[in-house]
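Understanding the architecture of this molecule
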Amino acid sequence: MSTNKFIETISGYTSVSIIGMEKNSGKTTTLNYILKNLKGQKVVGLTSIGRDGEDVDRVTKTHKPLIYVEKGTIVATAKDLLNKCDITKEILATTNISSPLGEIIIIRALSDGYVDVAGPSFNSATIKVRDLMLGFGCDLVLVDGALSRKGSAGTQVSKATILATGASFSPNINKVVEESSHAIKMLQLPKCQENIRKLSKKILSNGKIGYIDCHNNIEILNLETSLNSYREIIDKVKPEYQYLVLGGAVSQGLIESIVQNRELFKNFTIVIEDGTKIFISPNVYDKLSKIPVDLRVLDSINLLYLTANPTSPFGYSFDSSKFCKLLESSTNVDVIDVVGGDL
Amino acid sequence: MRYLDEKNIDKIGLRYLLDDLTTISPYGNIKKRELLPIGDILLLEKTYDQLENFIDICKNNSYEVEKIELLLMKLKDISNIVLNLDKGRILDEVELFELKINVMLFNEIRSISNLILPLDFALLNLKHLVYILDPLSKNVPTFHIYSEYSSKLKEIRSKKDIIEKDIFATSNYEEQKKLKEERRELVVLENKEENEVKKQLSNSLKPYVKEIFKNIETIKNIDFTLAKAKLSMKYNAKRPIISKDTIEFIGMFNPEILLDLEGKNQKFQKLDILLKKGNTMLTGANMGGKTVVLKTLTLNLYFAQLGFFVFADFATLPLLDFVHFLSDDVQDVSKGLSSFGGEIVKLKEITGCLKSFNCGFIALDEFARGTNPTEGKIFVKAFSEYINKFESFSIMATHFDGVVGEEGSHYQVVGLKNIDFDRLKRKLDLSNKNSISLIQQHMDYSIEKVKSNIEVPKDAFNIASLIGLDNDLKEIINKLY
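Quantities reported herein were computed from a predicted structural model and do not represent experimental measurements.

Details of the interface of chain B and chain A
- Between chain B and chain A, the contact holds 22 residues from the first and 24 residues from the second.
- Summed over both sides, the interface between chain B and chain A buries roughly 1800 Å², with carbon and sulfur atoms accounting for 51% of that surface.
- A per-residue breakdown of the area chain B buries against chain A is headed by Val 94, Phe 168 and Arg 183 of chain B, which together make up 28% of the total.
- Across the contact surface, chain B and chain A share four salt bridges.
- Note that Lys 71 of chain A is salt-bridged to Asp 161 of chain B, the shortest N-O span being 3.9 Å.
- Remark: the boundary between chain B and chain A carries 15 residue pairs in polar contact (both at pLDDT 80 or more).
- When contributions to the side of chain B that touches chain A are tallied by element, the ones reaching two or more residues are helix H7 (93-116), strand E1 (143-144), helix H9 (151-169) and helix H10 (173-205) of chain B.
- The biggest single contributor to the side of chain B that touches chain A is H9 of chain B, with six residues.

So, the packing of aromatic side chains
- Taken as a whole and assessed by the stated rule, the structure comprises 24 aromatic pairs over all chains.
- Within the aromatic cluster, the residues linked to one another by ring pairs are Phe 224, Tyr 235, Phe 253, Phe 303, Phe 308 and Phe 311 of chain B.
- The ring of Phe 168 of chain B is capped by Lys 39 of chain A, whose NZ or CZ atom sits 4.4 Å from the centre of that ring.
- The positively charged end of Lys 228 of chain B is found above the aromatic ring belonging to Phe 308 of chain B, 5.1 Å away from the centroid.

Brief notes about the packing of helix H4 (residues 173-187) of chain A against helix H9 (residues 320-330) of chain A
Residues and elements named next belong to chain A.
- The geometry of H4 relative to H9 is characterised by a closest axis approach of 9 Å and an angle of 35° between their N-to-C directions. Here H4 and H9 pass one another in a crossing that is right-handed. From H4, Ile 173, Asn 174, Val 176, Val 177, Ser 180 and Ser 181 reach across to H9, where they touch Lys 322, Phe 323, Leu 326, Leu 327 and Ser 330.

Notes on the nonpolar core
- Residues Leu 46 of chain A together with Leu 99, Ile 212, Phe 249, Ile 273, Leu 297 and Phe 361 of chain B are the most contacted members of the largest nonpolar core, which totals 141 residues.
- Tallying contributions element by element places H7 of chain B first for this core, with 12 residues.
- Not counting residues up to four positions away in its chain, the partners in contact with Leu 46 of chain A are Leu 31, Leu 35, Ile 67, Val 69, Ile 74, Val 75, Ala 76, Val 115, Val 117, Met 133 and Leu 142 of chain A.
- Among the nonpolar cores identified, the runner-up in size contains 30 residues, and Ile 209, Leu 221, Phe 265 and Ile 272 of chain A belong to it.

So, the sheet that holds strand E4 (residues 74-78) of chain A
- Spatially, 10 strands are ordered E18(A)-E17(A)-E9(A)-E1(A)-E8(A)-E2(A)-E4(A)-E6(A)-E5(A)-E1(B) in an open sheet, and the strand pairing comes out mixed. Because the sheet does not close on itself, it has two edges, and the strands there are strand E18 (334-337) of chain A together with E1 of chain B.
- In this structure, strand E17 (residues 303-309) of chain A lies alongside E18 of chain A, joined through four bridges in parallel fashion. Its bridge partner being in E18 of chain A, Ala 308 of chain A is matched across the sheet by Asp 337 of chain A.

Analysis parameters
- Residues numbered from 1 in each chain as written.
- Chains lettered and ligands numbered in written order.
- Predicted model: local features only at pLDDT ≥ 70, side-chain atom pairs only at ≥ 80, totals over all residues.
- Heavy atoms only, no water.
- Contact = heavy atoms within 4.5 Å.
- Buried area = accessible area lost by both parts, 1.4 Å probe.
- Salt bridge = Lys/Arg side-chain N within 4 Å of Asp/Glu carboxyl O.
- Polar contact = N/O pair within 3.5 Å; in protein donor to acceptor, adjacent residues only side chain to side chain.
- Helix = DSSP H or I, 4+ residues; strand = E, 2+ residues; numbered from the N terminus.
- Phe/Tyr/Trp six-rings, centres within 6.5 Å; stacked < 30°, edge-to-face > 60°.
- Lys NZ or Arg CZ within 6 Å of the ring centre and 35° of its normal.
- Axes fitted to C-alpha atoms, helices over the stretch in contact; angles between N-to-C directions.
- Left-handed = near helix turned anticlockwise from the far one by under 90°.
- Core = buried A, V, L, I, M, F, W, Y, C linked by side-chain atoms within 4.5 Å.
- Buried < 20%, exposed > 50% of the residue type's maximum accessible area, 1.4 Å probe, protein only.
- Pairing = 2+ DSSP bridges.

Any functional reading would require information beyond the geometric quantities listed.
As structure tokens, this is what we get:
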């Protein structure tokens, strides 16, 4: 996969999210790689979901790379971090969106330099900030997906998504490859049929969890979330039901309970909002498929690339070409080595 | 407390009107939250003059008003920034930015408002201040520490720019690292000089603090008075005449109840009422709207004290030192009070006000109905005699018979007085319609002045049988009458 083609592809969008498999999976490295390669071509807007890009990662105490931006870049970040951005700053707008680090401010870089980005942490605010930046003349807004793993790739925030994976996820190269290909599988889960999509939306606008039967009747369960309500969900299933609609996050525990009650769910389809909302292991997914239960999403995510960072901040690294080859052979997504460059 | 509490503000329909009062800027919203009775005749008349003036302006200069409103919408509250400046603090870039764009907005508003608004609402010209924050006179709503502020800063930045270009051009990692280290040293210098500039800027802005605050105050009044004018126009409210001796309303209404009735395809019967000092009795049938009369009257009287026009075709009213609304739902179970107990606690407050202030208004809705009628009657009679000694006004809705003295004034809700009950009953039996709404349709909600010692109408039996009473029960009641 060539860098040129990679850059060309993402240049075709007005907004792209970068999400990571885990902490330290190389999101910032990916971001810097994109910025470096877009240099002089595009006016880039930069924000994140919540706090990211600490000098030293607060969870793992490893050194995190800073983001170096070009003159003209537009950045949305919290007020308290402005003094950590060493660019010459022009204040473009204040947004009335508050964050733990102060109001989100939109600035333009009047010089090259380092920035520290902490954008808003909820989707509607991210969308507002994205649109403001586009209004100030950005060609492409990059949204850094921050800590919450994949939870921020939601289809509303950006038009396309890049998944970052890397050696930091595990020292076992096979495990990294297996987990990454599983994550991609989840992100690329197929969309459900249009009529089911409509019925599911109806369920989600009136509640969180519901069933659809073979005659397209719906039953909405009186539950706030599917987490820790496995019994209630499973007890409600009736023979004529065909679809289970789950709003919000879907945990491994619920899917395991369904697997244990496989007789009740034969030939079912489970509909979830999108591939970032499900947190199950490859093993459990495999068991679910064998019942058989079909897993579908309301909105599919436009996953453009998998970026690979073969070096880990913990001091070890994989052989780059081996790592990329393994990743490529286990997924249908193009892989980019953001450290070594072209393959 | 001298004026209505939160609960009564809700009850009489004032909250509804305040929600309908649409201030646009954060400053107007503050003014709305701090709303209090004006309490001075000259000031009240001046407020009315201004409101009258603004209504004319809204009608004749709607284009300009709309433009002002669009600008008001963009304002942010910069009071804290200005306070910081006043205290001698150094403003950061974001504060300087907010100050700049808001003062630019003030100037923009000024360019329109000073042409059409009266002199009391004239904004000061702050263009010198804007110039400090816009040294290149670019008139764009962004801000940065411009290189023009300091030649030293300019020099550091151009050095930095050269290094950044070199960093951009090289792909050699070691070379880049070296250049970035050089850049870092310049960044430190740039920061230091920027801080120096911020300090100087804050110092040179400080002398304008008074003028900025003056403009904030004016904007507050412009926004608030515009909202008042819009509200007055919406309901065709009228300027009341201030007079010490009487309360008089012709064609009075209550917007909340009016719109509520309109929603049900019914009409609000506008009210005419004249109150002399001392007590006025209000009697009438059940469901006849006595409470609505009290609410509407209290609302209009209090609204006028706040500097608003009133909802009537004509109104005369005095400046009031206190306004109270007493009803038996004041009971506070948590304080262990029954409804009667609650009324007496409130009554203590009212007699306190009567003794300490000159002229006030009290509405009492079926005072003492929670206790036994024999004693209740005595309380009502006593209070109406008591209040006549003061310069205040009160109106009392009651069911009690024989409480109206010879000399006191007395209003009665017309109610079903002019209705043929038997015919209405037959109509009800035939139509099978909801009896309540039919009664409401035939009820005459207007009030009329009656001879003071006229008997309280005995409509309870009629109304109850219209709504529907068990026949056996009806027979017994009939016997007892």
